[in-house]
Structures are given as structure tokens and as C-alpha cells.
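Listed below, chain by chain, are the residues.
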Amino acid sequence: MRLIINPDYDNCARWAADYIAYKIKSSRPTKDKPFVMALPAGSSPLGIFKRLIEMFKKGKISFQNVVFFNLNEYVGLSADDPRSFNRFLWDNFFHYVDIKKQNIHLLDGETKDFAKDCAVYEKLIRSYGGIDLLVGGIGEDGHIAFNEPGSSLASRTRLKALNRNTLRANARFFNDDEKQVPKTVVTVGIATIMEAREVMVIASGDRKSSALHCAVEGSVNHMCPISILQMHPHAIIVCDEDATSKLKADTVRYFNDSEDTKFGK
């Protein structure tokens, strides 16, 4: 595992966006052999999207031969609902770059057969040869995508009920009304995440410090799903200094000595 510690969120977003651009360009993607990514919604990727859009406008990166999957969607929300993750990705990223619509594959929160659609989603990922780079965030309770504490470490794309902590945290997207937050989601599974060739997650702020401690210094435990990244051969956590507040000083020193936060500048 790599831990990239930056002073603040803006620097985290810059590092992560530059790394994404580097991975895409170095793969030299083509129509027949695209670069395959999975993206999150929510506040964590906003700065990343902003920088990638700026890089595209300056001609530094193209997304024409990049295939995109998303990580989760609320059950019961249409793709056009402004609170849906589908709409979020379009409003904050897809609309502003040269992505081909046929290369975008998003989970459907309104399907009539979730079991079938989840199986098809997994098959579609495999049809592209798997995910090259999966980008995610970390929940305050250690969830990744919407794999809540207690999720099977062997789980696949499926329906999942959200716990009270996640409902409370996501209420900010629903007029601060927890009762409006859908209680069920469809999410990629932990095994799906672990099959990506590379996983990069963003952790920003003191509220993520307990989850980051679990991810880096704790044992692998299904009650802290993010800890599974300790078992991934190519996992990167990009975090700010506030998020490291519960890590041991020696741990922070070790990663600061080992990693270059000036990547891509």
C-alpha cells in the first residue's frame, strides 16, 4: 500500500488527477484497447474532476479511448434525478470532456431486476478485461463504494442497505434531511474492487481519520471494509494531514519519507 500525504484536500485532488492523467497517457489507449476506469460520486472526487477538465481544455489529456464505470447508485432514483450518482457524474465531469457516450456504463437505480443487472454489470467489466484504475472515497465508518461495515470481503455487485451513519453523512445531498436519503443502493462489491489492477482512494479531513487508521494500521476486518486494501498489490490512499491525525507519528514519518507528493507538478 502507498500512502500519499498532502497538506490539504486541494493538493490531494491535484495529485490524484495528475496520477489519473499519467496512467491514461502511459497506457496509450486505443478504440480496441481502451483504458478502463471506475469512478465515485460525492464530494471526494470534485477537485479531481475539476483538474481533469482543466487538463482536457488545455489539450493535455483526452478521454476518447477511456471506458468508465461507476461504483454505486441509489435505488429508486432515476438517472436524471439531480441527487443520483449518474447525474452527478454527468454534471460534474462527463459533460465537459470528450468522453464517448457508448464508453460510459452506469448502474441503474430503477431496474426491475437487480440480480440480473448486477450480474450483467460484472460480466461487462470482465468483457473489457477488467478495471485498470478504480478511484474511490472512504466513508467515515470505513466503507468503500457502499460496502458498509459487515460486508462480505468476497462480495460482488449487489443491493446493499445503508446504515444510519451513512444515511446521516449523505443527508447533506438531500436538503439535510436524513429521511429523504434512499435506504438501499446498488454497489460494486469488495471482490469487484479488489480485482481492479490498481485502486486509488481519497481521504480528506479529520472525520476520515478513524477510517484511515483502520485502513493503514488496523487488521483486515469486514467491519472496516477499507482495510481490505492492505491485501491489494497496487493500492494508493491519497490523504491530507487532517486525515492522518489518528495514525502513529512513526507511520506518518515513514510514508512522508517514502513518497513524493510533488508527482505531476
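As the structure is a computational prediction, the values presented were derived from the model and not from experiment.

Considerations on the environment of Ala169
Counting through the fold element by element, Ala169 comes out in helix α5 (residues 164-170). Exposure remark for Ala169: the relative accessible area of 26% places this residue in the partly exposed category. Between the C-alpha atom of Ala169 and that of Gly139, which follows or precedes it by 30 residues, the distance is 8.8 Å.

With respect to the packing of helix α2 (residues 46-57) against helix α3 (residues 85-92)
Taken N-terminus to C-terminus, the directions of α2 and α3 make an angle of 35°; their axes are 10 Å apart at the nearest point. On α3, the residues touching Leu46, Phe49 and Ile53 of α2 are Phe88, Leu89 and Asn92. Classifying every residue of the contact of α2 with α3 gives five nonpolar, one polar and no charged.

Overview of helix α4 (residues 114-127)
If you check α4, its first and last C-alpha atoms are 20 Å apart, about what 14 residues at 1.5 Å a residue would give, namely 20 Å. Elements in contact with the buried residues of α4: β3 (66-70), β5 (104-105), β7 (158-161), β8 (184-187) and α6 (190-194).

Some remarks on the packing of aromatic side chains
In the structure shown here, the tally under the stated rule is 16 aromatic pairs. Pairing Phe93 with Phe94 gives two aromatic rings, centres 5.8 Å apart and planes at 45°, and the pair type is tilted. Comparing Phe93 with Phe94, the two get one shared label, buried. Clustering of aromatic rings is evident, with ring pairs tying together Phe49, Phe63, Phe68, Trp90, Phe93 and Phe94.

Quick notes on the packing of helix α1 (residues 9-27) against α2
Two numbers describe a pair of packed helices, the interaxial angle and the distance between the axes. Running from N to C, α1 and α2 cross one another at 50°; their axes reach a closest spacing of 8 Å. The orientation of α1 relative to α2 falls into the category oblique. Note on packing geometry: the crossing formed by α1 with α2 is right-handed. Here α1 contributes Tyr9, Ala13, Arg14, Ala16, Ala17, Asp18, Ile20 and Ala21 to the contact with α2, which in turn contributes Leu46, Gly47, Ile48, Arg51, Leu52 and Met55. Grouping the constituent residues of the contact of α1 with α2 by class yields 10 nonpolar, one polar and three charged.

Let's talk about the nonpolar core
With 46 residues, the main nonpolar core has Met37, Phe63, Phe93 and Met200 as its most contacted residues. Among the elements of the structure, α1, β2 (35-39), α2, β3, α3, β6 (133-137), β9 (199-203) and β10 (235-240) are those that each provide at least two residues to this core. Sequence-distant contacts of Met37, that is, excluding residues within four places in its chain, are made with Ile20, Ile24, Val66, Val67, Phe68, Phe69, Ile131, Leu133 and Val135. Counting 42 residues, the second largest nonpolar core, distinct from the first, contains Val67, Phe69, Leu71 and Ala203.

Observations concerning the sheet that holds β10
Read across the sheet, seven strands follow the order β1-β10-β9-β6-β2-β3-β5 without closing on themselves; strand pairing throughout is parallel. Only two strands of the sheet have a single neighbouring strand rather than two, namely β1 (2-6) and β5. Relative to β10, β9 runs parallel, the two sharing five bridges. Within β10, the position partnered with Met200 by the bridge is Ile236. Packing of α1 onto the sheet brings it into contact with β1, β2, β3, β6, β9 and β10, and relative to β10 it is tilted by some 150°.

Quick notes on the state of the cysteines
Scanning the model with the defined rule gives one disulfide in all. Here Cys214 engages in a disulfide with Cys224; their sulfurs sit 2.0 Å apart. A residue pair is termed long-range when its members are at least 10 positions apart, and Cys214 in helix α7 (residues 209-217) and Cys224 in the loop between α7 and β10 qualify at 10 residues. When sorted by exposure, Cys214 lands in the same class as Cys224, which is buried. In this model Cys12 remains outside any disulfide bridge; the closest cysteine sulfur is found in Cys239, 6.2 Å from its own.

A word on a nonpolar patch on the surface
Together, Leu153, Val220 and Met231 make up an exposed nonpolar region whose accessible area comes to about 250 Å². The residue Met231 is located in the loop between α7 and β10 in this model.

Side note on the environment of Arg156
Mapped onto the elements, Arg156 comes out in the loop between β6 and β7. Note on Arg156: relative accessible area 31%, which makes it partly exposed. Once you skip the residues sitting within four places of it in the chain, Arg156 turns out to touch Glu122, Thr187, Val188, Gly189, Ala191, Thr192 and Glu195.

What counts as what
- Residues numbered from 1 in each chain as written.
- Predicted model: local features only at pLDDT ≥ 70, side-chain atom pairs only at ≥ 80, totals over all residues.
- Heavy atoms only, no water.
- Helix = DSSP H or I, 4+ residues; strand = E, 2+ residues; numbered from the N terminus.
- Buried < 20%, exposed > 50% of the residue type's maximum accessible area, 1.4 Å probe, protein only.
- Axes fitted to C-alpha atoms, helices over the stretch in contact; angles between N-to-C directions.
- Contact = heavy atoms within 4.5 Å.
- Nonpolar A, V, L, I, M, F, W, Y, C, P; charged D, E, K, R; others polar.
- Expected span 1.5 Å × (residues − 1).
- Phe/Tyr/Trp six-rings, centres within 6.5 Å; stacked < 30°, edge-to-face > 60°.
- Parallel < 35°, antiparallel > 145°, perpendicular 65-115°, else oblique.
- Left-handed = near helix turned anticlockwise from the far one by under 90°.
- Core = buried A, V, L, I, M, F, W, Y, C linked by side-chain atoms within 4.5 Å.
- Pairing = 2+ DSSP bridges.
- Disulfide = S-S within 2.5 Å.
- Patch = residues over 30% accessible without salt bridge, like charges linked within 9 Å, V, L, I, M, F, W, Y side chains within 5 Å.
- Areas by Shrake-Rupley, 256 points an atom, 1.4 Å probe, with all protein chains shown as cover.
- Salt bridge = Lys/Arg side-chain N within 4 Å of Asp/Glu carboxyl O.

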